[in-house]
Amino acid sequence: MSLRKKIGILGAGQLGKMLAIEGANWHLDLEALDSSSNSPAAHLVHKMTEGHFNDYQAVLDFGADKDIITIEIEHVNTDALRVLKQQGKTVIPDPDVLDIIKDKGRQKEFYKQHDLPTSPFALYNDKAEVLAAVENGTWIAPFVQKSRTAGYDGKGVVIIKSNNELHKLVDGPCVIEEAVDIDKELAVIAVANKMGELKIFPVVEMLFNPEANLVENLFCPARIDDTTRKAAETLAISTMQAYGLQGLLAIEMFLSKDGEVLINEVAPRPHNSGHHTIEACVSSQYQQHLRALLNLPLGDTSLRSPAMMINLLGHPDHQGPAMYSGIEEVLKISNVFVHIYGKETTKPFRKMGHITILGDDFEAVNTKANQIRQTLKVISS
Ligand code: ADP
(Lines give C-alpha, C1' and ligand atoms only; values in the text may rest on other atoms or scores of the structure.)
Protein backbone atom coordinates (compact mmCIF):
# COMPACT_ATOMS: atom_id res chain seq x y z
CA MET A 1 0.00 0.00 0.00
CA SER A 2 1.41 3.32 -1.02
CA LEU A 3 0.87 6.41 1.09
CA ARG A 4 1.96 8.52 -1.85
CA LYS A 5 -1.51 9.45 -3.04
CA LYS A 6 -2.38 13.06 -3.66
CA ILE A 7 -5.24 14.06 -1.36
CA GLY A 8 -7.27 17.22 -1.92
CA ILE A 9 -9.43 18.77 0.81
CA LEU A 10 -12.27 21.14 -0.08
CA GLY A 11 -12.02 23.78 2.63
CA ALA A 12 -9.07 24.86 4.75
CA GLY A 13 -10.74 25.80 8.03
CA GLN A 14 -9.97 24.34 11.46
CA LEU A 15 -11.14 20.84 10.51
CA GLY A 16 -8.83 20.86 7.50
CA LYS A 17 -6.05 22.13 9.71
CA MET A 18 -6.39 19.27 12.19
CA LEU A 19 -6.59 16.78 9.31
CA ALA A 20 -3.37 18.24 7.88
CA ILE A 21 -1.60 18.05 11.25
CA GLU A 22 -2.50 14.35 11.51
CA GLY A 23 -1.54 13.78 7.88
CA ALA A 24 1.91 15.20 8.56
CA ASN A 25 2.67 12.23 10.84
CA TRP A 26 2.55 9.95 7.81
CA HIS A 27 3.96 12.63 5.53
CA LEU A 28 0.83 12.48 3.39
CA ASP A 29 0.54 14.74 0.36
CA LEU A 30 -2.40 16.95 1.33
CA GLU A 31 -3.54 20.03 -0.55
CA ALA A 32 -6.52 22.33 0.10
CA LEU A 33 -8.90 24.60 -1.79
CA ASP A 34 -10.37 27.63 -0.08
CA SER A 35 -11.17 31.21 -0.99
CA SER A 36 -8.57 32.67 1.33
CA SER A 37 -4.91 31.68 1.47
CA ASN A 38 -4.99 32.87 5.10
CA SER A 39 -7.32 30.04 6.13
CA PRO A 40 -6.37 28.01 9.24
CA ALA A 41 -5.00 25.01 7.25
CA ALA A 42 -3.21 27.08 4.60
CA HIS A 43 0.34 26.89 5.94
CA LEU A 44 0.03 23.23 6.95
CA VAL A 45 -0.88 21.70 3.61
CA HIS A 46 1.67 21.05 0.88
CA LYS A 47 -0.14 23.40 -1.45
CA MET A 48 -2.95 25.86 -1.00
CA THR A 49 -5.15 26.71 -3.98
CA GLU A 50 -7.25 29.87 -3.83
CA GLY A 51 -10.76 29.37 -5.15
CA HIS A 52 -14.26 28.70 -3.92
CA PHE A 53 -15.15 25.11 -3.02
CA ASN A 54 -18.70 25.82 -4.17
CA ASP A 55 -17.56 26.85 -7.66
CA TYR A 56 -17.90 24.08 -10.28
CA GLN A 57 -14.80 24.96 -12.30
CA ALA A 58 -12.64 25.68 -9.22
CA VAL A 59 -13.44 22.23 -7.77
CA LEU A 60 -12.95 20.48 -11.11
CA ASP A 61 -9.57 22.16 -11.69
CA PHE A 62 -8.46 21.50 -8.11
CA GLY A 63 -9.38 17.81 -8.39
CA ALA A 64 -7.66 17.29 -11.75
CA ASP A 65 -4.30 16.13 -10.34
CA LYS A 66 -5.63 14.49 -7.15
CA ASP A 67 -6.14 10.76 -6.46
CA ILE A 68 -8.50 11.33 -3.53
CA ILE A 69 -10.82 14.27 -2.83
CA THR A 70 -12.53 14.91 0.49
CA ILE A 71 -14.27 17.75 2.32
CA GLU A 72 -14.16 19.58 5.63
CA ILE A 73 -17.39 21.51 4.97
CA GLU A 74 -20.66 20.41 3.28
CA HIS A 75 -21.27 23.51 1.17
CA VAL A 76 -19.21 22.29 -1.79
CA ASN A 77 -20.00 21.83 -5.47
CA THR A 78 -21.23 18.24 -5.79
CA ASP A 79 -21.66 18.43 -9.61
CA ALA A 80 -17.91 18.83 -9.95
CA LEU A 81 -17.34 16.03 -7.42
CA ARG A 82 -19.55 13.72 -9.49
CA VAL A 83 -17.44 14.42 -12.58
CA LEU A 84 -14.23 13.74 -10.62
CA LYS A 85 -15.74 10.47 -9.38
CA GLN A 86 -16.64 9.48 -12.97
CA GLN A 87 -13.03 10.17 -13.91
CA GLY A 88 -12.09 7.36 -11.52
CA LYS A 89 -10.98 9.42 -8.54
CA THR A 90 -11.84 8.44 -4.99
CA VAL A 91 -14.37 10.97 -3.70
CA ILE A 92 -15.22 10.72 0.01
CA PRO A 93 -18.00 11.35 0.97
CA ASP A 94 -19.95 10.19 -2.08
CA PRO A 95 -21.39 13.28 -3.86
CA ASP A 96 -24.92 11.81 -4.16
CA VAL A 97 -25.06 11.10 -0.43
CA LEU A 98 -23.62 14.55 0.26
CA ASP A 99 -26.51 16.05 -1.74
CA ILE A 100 -28.99 14.34 0.57
CA ILE A 101 -27.16 15.52 3.68
CA LYS A 102 -26.78 19.12 2.45
CA ASP A 103 -30.57 19.43 2.35
CA LYS A 104 -32.16 19.08 5.79
CA GLY A 105 -35.47 18.22 4.11
CA ARG A 106 -33.99 15.33 2.11
CA GLN A 107 -32.11 14.19 5.24
CA LYS A 108 -35.34 13.93 7.23
CA GLU A 109 -37.04 12.05 4.36
CA PHE A 110 -34.08 9.67 4.25
CA TYR A 111 -34.50 8.81 7.95
CA LYS A 112 -38.20 8.22 7.46
CA GLN A 113 -37.60 5.97 4.42
CA HIS A 114 -34.98 3.96 6.35
CA ASP A 115 -36.99 3.67 9.58
CA LEU A 116 -34.37 5.58 11.52
CA PRO A 117 -36.06 7.29 14.49
CA THR A 118 -36.35 11.07 14.08
CA SER A 119 -38.84 13.73 15.20
CA PRO A 120 -42.02 14.06 13.07
CA PHE A 121 -41.70 16.71 10.34
CA ALA A 122 -43.13 18.23 7.17
CA LEU A 123 -41.58 20.22 4.32
CA TYR A 124 -42.74 23.67 3.14
CA ASN A 125 -41.75 25.97 0.29
CA ASP A 126 -42.06 29.27 2.12
CA LYS A 127 -43.20 31.10 5.24
CA ALA A 128 -46.77 31.59 3.93
CA GLU A 129 -47.22 27.81 3.69
CA VAL A 130 -45.93 27.37 7.24
CA LEU A 131 -48.31 30.03 8.55
CA ALA A 132 -51.22 28.36 6.74
CA ALA A 133 -50.28 25.02 8.35
CA VAL A 134 -50.24 26.67 11.77
CA GLU A 135 -53.56 28.36 11.01
CA ASN A 136 -55.25 25.05 10.10
CA GLY A 137 -53.86 23.35 13.21
CA THR A 138 -51.29 21.04 11.54
CA TRP A 139 -48.61 22.57 13.77
CA ILE A 140 -49.05 23.74 17.31
CA ALA A 141 -46.13 25.45 19.07
CA PRO A 142 -43.58 24.47 20.26
CA PHE A 143 -42.01 23.45 16.94
CA VAL A 144 -38.76 24.04 15.10
CA GLN A 145 -38.19 25.61 11.69
CA LYS A 146 -35.00 24.73 9.80
CA SER A 147 -33.89 26.25 6.55
CA ARG A 148 -33.43 23.32 4.13
CA THR A 149 -30.06 24.38 2.77
CA ALA A 150 -28.73 27.56 4.36
CA GLY A 151 -27.98 26.48 7.91
CA TYR A 152 -24.93 25.60 9.99
CA ASP A 153 -23.96 26.10 13.63
CA GLY A 154 -27.52 26.94 14.64
CA LYS A 155 -28.01 29.56 11.91
CA GLY A 156 -31.17 28.82 9.95
CA VAL A 157 -32.76 27.11 12.99
CA VAL A 158 -35.68 28.91 14.64
CA ILE A 159 -37.39 27.50 17.72
CA ILE A 160 -41.00 28.68 17.95
CA LYS A 161 -41.95 28.26 21.58
CA SER A 162 -45.44 29.78 21.32
CA ASN A 163 -47.75 31.38 18.75
CA ASN A 164 -46.48 34.80 19.92
CA GLU A 165 -43.17 33.92 18.27
CA LEU A 166 -44.48 33.26 14.75
CA HIS A 167 -42.85 36.53 13.59
CA LYS A 168 -39.50 34.75 14.02
CA LEU A 169 -40.27 32.39 11.12
CA VAL A 170 -38.00 32.95 8.14
CA ASP A 171 -38.92 32.68 4.47
CA GLY A 172 -37.76 30.04 2.00
CA PRO A 173 -37.90 26.24 1.72
CA CYS A 174 -37.82 24.72 5.19
CA VAL A 175 -38.44 21.75 7.44
CA ILE A 176 -40.88 22.12 10.31
CA GLU A 177 -40.34 19.50 12.98
CA GLU A 178 -41.77 18.68 16.35
CA ALA A 179 -39.81 20.23 19.21
CA VAL A 180 -38.23 17.39 21.13
CA ASP A 181 -38.34 17.66 24.91
CA ILE A 182 -34.59 17.18 25.13
CA ASP A 183 -32.92 15.54 28.10
CA LYS A 184 -29.46 15.44 26.48
CA GLU A 185 -27.92 16.07 23.08
CA LEU A 186 -25.62 13.21 22.09
CA ALA A 187 -23.26 12.54 19.20
CA VAL A 188 -21.49 9.49 17.85
CA ILE A 189 -18.84 9.58 15.15
CA ALA A 190 -18.75 6.57 12.84
CA VAL A 191 -16.08 5.70 10.30
CA ALA A 192 -15.93 3.14 7.51
CA ASN A 193 -13.45 2.14 4.83
CA LYS A 194 -13.89 0.54 1.43
CA MET A 195 -12.92 -2.89 2.81
CA GLY A 196 -16.17 -2.78 4.79
CA GLU A 197 -14.77 -2.10 8.25
CA LEU A 198 -17.02 0.13 10.36
CA LYS A 199 -16.18 1.57 13.79
CA ILE A 200 -17.72 4.09 16.13
CA PHE A 201 -16.24 6.42 18.73
CA PRO A 202 -17.64 6.49 22.28
CA VAL A 203 -20.88 8.48 22.72
CA VAL A 204 -20.40 12.14 23.62
CA GLU A 205 -22.74 14.49 25.41
CA MET A 206 -23.02 18.01 24.02
CA LEU A 207 -23.73 21.05 26.11
CA PHE A 208 -25.11 24.01 24.19
CA ASN A 209 -24.75 27.75 24.58
CA PRO A 210 -28.43 28.76 24.29
CA GLU A 211 -27.58 32.33 23.21
CA ALA A 212 -25.34 31.29 20.32
CA ASN A 213 -27.32 28.06 19.66
CA LEU A 214 -24.12 26.07 19.15
CA VAL A 215 -22.05 23.51 21.05
CA GLU A 216 -19.98 25.16 23.70
CA ASN A 217 -18.86 22.10 25.69
CA LEU A 218 -18.80 18.41 25.21
CA PHE A 219 -18.14 15.56 27.59
CA CYS A 220 -17.10 12.01 26.80
CA PRO A 221 -18.16 9.42 27.83
CA ALA A 222 -21.75 10.72 27.88
CA ARG A 223 -23.42 10.39 31.29
CA ILE A 224 -26.20 8.04 30.16
CA ASP A 225 -27.37 4.58 31.18
CA ASP A 226 -26.32 1.44 29.32
CA THR A 227 -29.63 1.07 27.47
CA THR A 228 -29.37 4.61 26.09
CA ARG A 229 -25.72 4.08 25.18
CA LYS A 230 -26.56 0.91 23.29
CA ALA A 231 -29.46 2.68 21.52
CA ALA A 232 -27.19 5.57 20.46
CA GLU A 233 -24.49 3.19 19.22
CA THR A 234 -26.97 1.05 17.31
CA LEU A 235 -28.57 4.13 15.74
CA ALA A 236 -25.14 5.43 14.67
CA ILE A 237 -24.22 2.12 13.04
CA SER A 238 -27.61 1.78 11.28
CA THR A 239 -27.36 5.37 9.98
CA MET A 240 -23.85 4.83 8.67
CA GLN A 241 -24.94 1.58 6.98
CA ALA A 242 -28.04 3.22 5.49
CA TYR A 243 -25.96 5.97 3.88
CA GLY A 244 -23.30 3.44 2.82
CA LEU A 245 -20.60 6.03 3.32
CA GLN A 246 -16.83 5.75 3.57
CA GLY A 247 -14.89 8.13 5.78
CA LEU A 248 -16.34 9.86 8.81
CA LEU A 249 -19.97 10.46 9.66
CA ALA A 250 -20.87 12.47 12.76
CA ILE A 251 -24.37 11.59 13.93
CA GLU A 252 -26.07 14.15 16.20
CA MET A 253 -28.91 12.80 18.32
CA PHE A 254 -31.44 13.86 20.93
CA LEU A 255 -32.19 11.83 24.02
CA SER A 256 -35.76 12.83 24.82
CA LYS A 257 -37.05 13.15 28.38
CA ASP A 258 -39.04 9.93 27.86
CA GLY A 259 -35.87 8.03 26.99
CA GLU A 260 -36.10 7.88 23.18
CA VAL A 261 -32.94 8.33 21.11
CA LEU A 262 -33.72 10.29 17.92
CA ILE A 263 -31.46 11.27 15.07
CA ASN A 264 -31.21 15.03 14.54
CA GLU A 265 -28.73 15.45 11.69
CA VAL A 266 -25.43 14.17 10.36
CA ALA A 267 -22.19 15.56 8.92
CA PRO A 268 -20.04 13.38 6.60
CA ARG A 269 -16.67 14.80 7.66
CA PRO A 270 -14.54 15.51 10.74
CA HIS A 271 -16.78 17.18 13.29
CA ASN A 272 -16.72 19.51 16.24
CA SER A 273 -18.04 16.69 18.44
CA GLY A 274 -14.82 14.75 17.78
CA HIS A 275 -12.14 17.33 18.61
CA HIS A 276 -11.45 15.66 21.95
CA THR A 277 -10.49 12.41 20.15
CA ILE A 278 -7.06 13.95 19.40
CA GLU A 279 -5.97 13.61 23.02
CA ALA A 280 -8.69 11.39 24.49
CA CYS A 281 -8.84 8.44 22.07
CA VAL A 282 -6.29 5.92 20.88
CA SER A 283 -6.66 7.24 17.33
CA SER A 284 -8.35 10.54 16.55
CA GLN A 285 -11.25 11.18 14.17
CA TYR A 286 -8.72 12.87 11.85
CA GLN A 287 -6.49 9.81 11.75
CA GLN A 288 -9.51 7.58 11.15
CA HIS A 289 -10.62 9.76 8.27
CA LEU A 290 -7.17 9.51 6.66
CA ARG A 291 -7.18 5.73 7.14
CA ALA A 292 -10.59 5.56 5.45
CA LEU A 293 -9.49 7.81 2.57
CA LEU A 294 -6.55 5.50 1.90
CA ASN A 295 -8.57 2.32 2.56
CA LEU A 296 -6.20 1.34 5.37
CA PRO A 297 -7.24 -0.74 8.39
CA LEU A 298 -9.20 1.46 10.81
CA GLY A 299 -7.60 2.29 14.15
CA ASP A 300 -8.70 1.82 17.72
CA THR A 301 -11.44 4.32 18.64
CA SER A 302 -11.52 3.58 22.35
CA LEU A 303 -11.26 6.23 25.01
CA ARG A 304 -8.03 6.60 26.95
CA SER A 305 -9.48 9.08 29.43
CA PRO A 306 -12.68 11.00 30.16
CA ALA A 307 -12.50 14.36 28.44
CA MET A 308 -14.23 17.69 28.16
CA MET A 309 -13.90 19.89 25.10
CA ILE A 310 -14.66 23.60 25.28
CA ASN A 311 -15.16 25.57 22.08
CA LEU A 312 -13.30 28.84 22.33
CA LEU A 313 -15.86 31.30 20.99
CA GLY A 314 -15.30 34.95 20.14
CA HIS A 315 -16.41 37.22 23.01
CA PRO A 316 -19.91 38.61 22.31
CA ASP A 317 -18.70 42.23 22.65
CA HIS A 318 -15.61 42.01 20.47
CA GLN A 319 -14.94 42.11 16.76
CA GLY A 320 -11.58 42.63 15.03
CA PRO A 321 -8.00 41.26 15.22
CA ALA A 322 -8.04 38.36 17.70
CA MET A 323 -6.26 38.29 21.06
CA TYR A 324 -6.31 35.46 23.59
CA SER A 325 -6.50 37.15 26.95
CA GLY A 326 -5.55 34.90 29.90
CA ILE A 327 -3.89 32.16 27.85
CA GLU A 328 -0.75 32.17 30.05
CA GLU A 329 -2.83 31.21 33.09
CA VAL A 330 -4.57 28.41 31.21
CA LEU A 331 -1.27 26.96 30.01
CA LYS A 332 -0.24 26.47 33.67
CA ILE A 333 -3.03 23.95 34.24
CA SER A 334 -2.11 20.29 33.74
CA ASN A 335 -3.88 17.98 31.28
CA VAL A 336 -5.26 20.94 29.36
CA PHE A 337 -4.65 21.04 25.60
CA VAL A 338 -5.07 24.35 23.81
CA HIS A 339 -5.89 24.52 20.08
CA ILE A 340 -5.91 27.95 18.42
CA TYR A 341 -7.22 27.93 14.85
CA GLY A 342 -5.40 31.06 13.70
CA LYS A 343 -8.36 33.03 12.36
CA GLU A 344 -7.14 36.61 12.11
CA THR A 345 -10.32 38.29 13.23
CA THR A 346 -12.70 37.43 16.01
CA LYS A 347 -16.48 37.97 15.88
CA PRO A 348 -19.17 37.30 18.50
CA PHE A 349 -19.42 33.52 18.99
CA ARG A 350 -17.03 32.71 16.12
CA LYS A 351 -15.24 29.38 16.68
CA MET A 352 -11.67 30.58 17.29
CA GLY A 353 -10.20 27.49 18.92
CA HIS A 354 -10.95 24.74 21.39
CA ILE A 355 -9.54 23.29 24.57
CA THR A 356 -9.56 19.66 25.60
CA ILE A 357 -9.29 18.76 29.27
CA LEU A 358 -8.51 15.21 30.40
CA GLY A 359 -9.35 14.02 33.90
CA ASP A 360 -10.69 11.20 36.03
CA ASP A 361 -14.38 12.12 35.84
CA PHE A 362 -16.93 14.82 34.94
CA GLU A 363 -16.37 16.81 38.15
CA ALA A 364 -12.61 16.91 37.69
CA VAL A 365 -12.75 18.21 34.11
CA ASN A 366 -15.72 20.50 34.73
CA THR A 367 -13.93 22.30 37.57
CA LYS A 368 -11.04 23.04 35.24
CA ALA A 369 -13.44 24.02 32.45
CA ASN A 370 -15.14 26.61 34.68
CA GLN A 371 -11.76 28.00 35.68
CA ILE A 372 -10.71 28.23 32.02
CA ARG A 373 -13.96 29.89 30.95
CA GLN A 374 -13.45 32.61 33.54
CA THR A 375 -9.82 33.13 32.58
CA LEU A 376 -9.52 32.83 28.83
CA LYS A 377 -11.36 35.31 26.59
CA VAL A 378 -11.10 35.81 22.85
CA ILE A 379 -11.17 39.58 22.46
CA SER A 380 -10.00 42.19 20.03
CA SER A 381 -7.34 44.78 20.78
P1 ADP B 1 -27.26 23.12 12.87
O2 ADP B 1 -27.16 22.36 11.62
O3 ADP B 1 -27.30 24.58 12.62
O4 ADP B 1 -26.28 22.69 13.93
P5 ADP B 1 -29.32 21.66 14.34
O6 ADP B 1 -30.32 20.91 13.58
O7 ADP B 1 -28.23 20.86 14.98
O8 ADP B 1 -28.73 22.83 13.43
O9 ADP B 1 -30.05 22.51 15.45
C10 ADP B 1 -29.34 23.35 16.35
C11 ADP B 1 -29.88 23.16 17.76
O12 ADP B 1 -31.27 23.52 17.82
C13 ADP B 1 -29.85 21.72 18.24
O14 ADP B 1 -28.61 21.34 18.70
C15 ADP B 1 -30.92 21.75 19.32
O16 ADP B 1 -30.41 22.34 20.50
C17 ADP B 1 -31.96 22.65 18.72
N18 ADP B 1 -32.95 21.82 17.97
C19 ADP B 1 -32.87 21.43 16.68
N20 ADP B 1 -33.91 20.64 16.34
C21 ADP B 1 -34.68 20.51 17.42
C22 ADP B 1 -35.90 19.83 17.72
N23 ADP B 1 -36.58 19.12 16.80
N24 ADP B 1 -36.39 19.93 18.98
C25 ADP B 1 -35.77 20.66 19.92
N26 ADP B 1 -34.62 21.33 19.71
C27 ADP B 1 -34.07 21.27 18.49
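As a reminder, the structure under discussion sits directly above these lines.
Every value quoted in this text rests on a predicted model; they were computed, and no experiment measured them.

Cut-offs and rules
Residues numbered from 1 in each chain as written. Predicted model: local features only at pLDDT ≥ 70, side-chain atom pairs only at ≥ 80, totals over all residues. Heavy atoms only, no water. Phe/Tyr/Trp six-rings, centres within 6.5 Å; stacked < 30°, edge-to-face > 60°. Helix = DSSP H or I, 4+ residues; strand = E, 2+ residues; numbered from the N terminus. Buried < 20%, exposed > 50% of the residue type's maximum accessible area, 1.4 Å probe, protein only. Lys NZ or Arg CZ within 6 Å of the ring centre and 35° of its normal. Pairing = 2+ DSSP bridges. Axes fitted to C-alpha atoms, helices over the stretch in contact; angles between N-to-C directions. Contact = heavy atoms within 4.5 Å. Expected span 1.5 Å × (residues − 1). Arc of directions from axis to C-beta. Polar contact = N/O pair within 3.5 Å; in protein donor to acceptor, adjacent residues only side chain to side chain. Parallel < 35°, antiparallel > 145°, perpendicular 65-115°, else oblique. Left-handed = near helix turned anticlockwise from the far one by under 90°. Nonpolar A, V, L, I, M, F, W, Y, C, P; charged D, E, K, R; others polar.

Q: Just to check I follow, could you spell out the packing of aromatic side chains for this structure?
A: Here a ring pair, both rings aromatic, is described through the centre-centre distance and the interplanar angle of the planes. The tally for this structure, following the rule as stated, stands at five aromatic pairs. Considering the side-chain rings of F110 and Y243, the 4.1 Å spacing of their centres and the 0° angle between planes classify their relative orientation as stacked. Separated by 133 residues along the polypeptide, F110 in helix 5 (residues 104-113) and Y243 in helix 7 (residues 226-243) bring together distant segments of the chain. Considered together, F110 and Y243 belong to a single accessibility category, that of buried residues. Pairing W139 with F143 gives two aromatic rings, centres 6.1 Å apart and planes at 55°, and the pair type is tilted. Accessibility classification places W139 together with F143 in one group, the buried group. One cation-aromatic arrangement involves K66 over F62; the distance from NZ or CZ to the ring centre is 4.1 Å. The cationic tip of R223 hangs over the ring face of F362; the distance from NZ or CZ to the ring centre is 3.6 Å.

Q: In this structure, what is going on with the pairing of strand 14 (residues 247-256)? I would like to understand it.
A: Within a regular strand, the side chains alternate between the two sheet faces. Of all ten residues in strand 14, ten are buried, a share of seventy percent or more. Two strands pair when backbone bridges link them, and strand 10 (residues 182-192) and strand 14 are joined in this way by ten bridges, in the antiparallel orientation. Residue pairing across strands places A187 opposite E252, the latter belonging to strand 14. What sits between the antiparallel neighbours strand 14 and strand 15 (residues 261-267) is a turn of four residues, in which G259 has the positive phi angle 90°.

Q: Is there a simple way to explain the sheet that holds strand 5 (residues 90-92) in this structure?
A: Sheet strands pair by backbone hydrogen bonding; their relative direction is either parallel or antiparallel. Spatially, five strands are ordered 3-2-1-4-5 in an open sheet, and the strand pairing comes out parallel. Edge positions in the open sheet fall to strand 3 (47-50) and strand 5, since each of these has one partner strand only. Going from strand to strand, the sheet's axes swing by 20° on average, the running direction of each strand aside. Pairing between strand 1 (residues 6-10) and strand 2 (residues 29-34): five bridges, direction parallel. By the bridge assignment, I7 is partnered in strand 2 with L30. Each of strand 1, strand 2, strand 4 (68-71) and strand 5 is contacted by helix 9 (residues 285-293), which is oriented at about 150° to strand 5, the strand it contacts most.

Q: I keep staring at helix 11 (residues 362-375) and nothing clicks. Help me out?
A: What sets the pattern is the α-helix's 3.6 residues per turn: residues three or four places apart point alike. Between its terminal C-alpha atoms helix 11 stretches 20 Å, which fits the 20 Å expected from 14 residues at 1.5 Å a residue. Three or more residues of helix 11 are buried, namely F362, V365, N366, A369 and I372. Here the buried residues of helix 11 occupy an arc of 120° about the axis, which is enough to place them on one side. Those residues of helix 11 that are exposed and aimed more than 90 degrees away from the buried face are E363, T367 and Q374.

Q: Before we go on, may I ask you to explain helix 1 (residues 14-25) in this structure?
A: Taking 1.5 Å per residue as the helical rise, helix 1 with its twelve residues ought to reach 16 Å, and the 18 Å between its terminal C-alpha atoms agrees with that figure. Within helix 1, nine of the twelve residues are buried, which leaves it mostly tucked inside the rest of the structure. Positive backbone phi, approximately 50°, marks H27, located one or two places after helix 1.

Q: In this structure, what is going on with the side chain of S380? I would like to understand it.
A: Looking at the secondary structure, you find S380 in strand 21 (residues 377-380). Take S380: its relative accessible area is 11%, and that puts it in the buried class. Side-chain polar atoms of S380 contact the backbone oxygen of Q319, separated by 3.4 Å. Excluding residues that lie within four positions of it along the chain, S380 makes contacts with H318, Q319, G320, P321 and T346.

Q: How do you make sense of the side chain of S119 when you look at a structure like this?
A: With respect to the helices and strands, S119 occurs in the loop between helix 5 and strand 6 (121-124). In this structure, S119 is in contact with K108, E177, E178, V180 and L262, ignoring residues within four places of it in sequence.

Q: Please clarify how the packing of helix 3 (residues 78-86) against helix 4 (residues 95-102) should be interpreted in this entry.
A: For any two helices packed against each other, one specifies the inter-axial angle together with the distance between the axes. Put simply, helix 3 and helix 4 touch, their axes get as near as 9 Å, and they point 165° apart. Taken as axis vectors, helix 3 and helix 4 run roughly antiparallel relative to one another. Handedness of the helix 3/helix 4 crossing: right-handed. Across from T78, L81, R82 and K85 in helix 3, the residues of helix 4 making contact are P95, D96, L98, D99 and K102. In terms of residue class, the contact of helix 3 with helix 4 is made up of three nonpolar, one polar and five charged.

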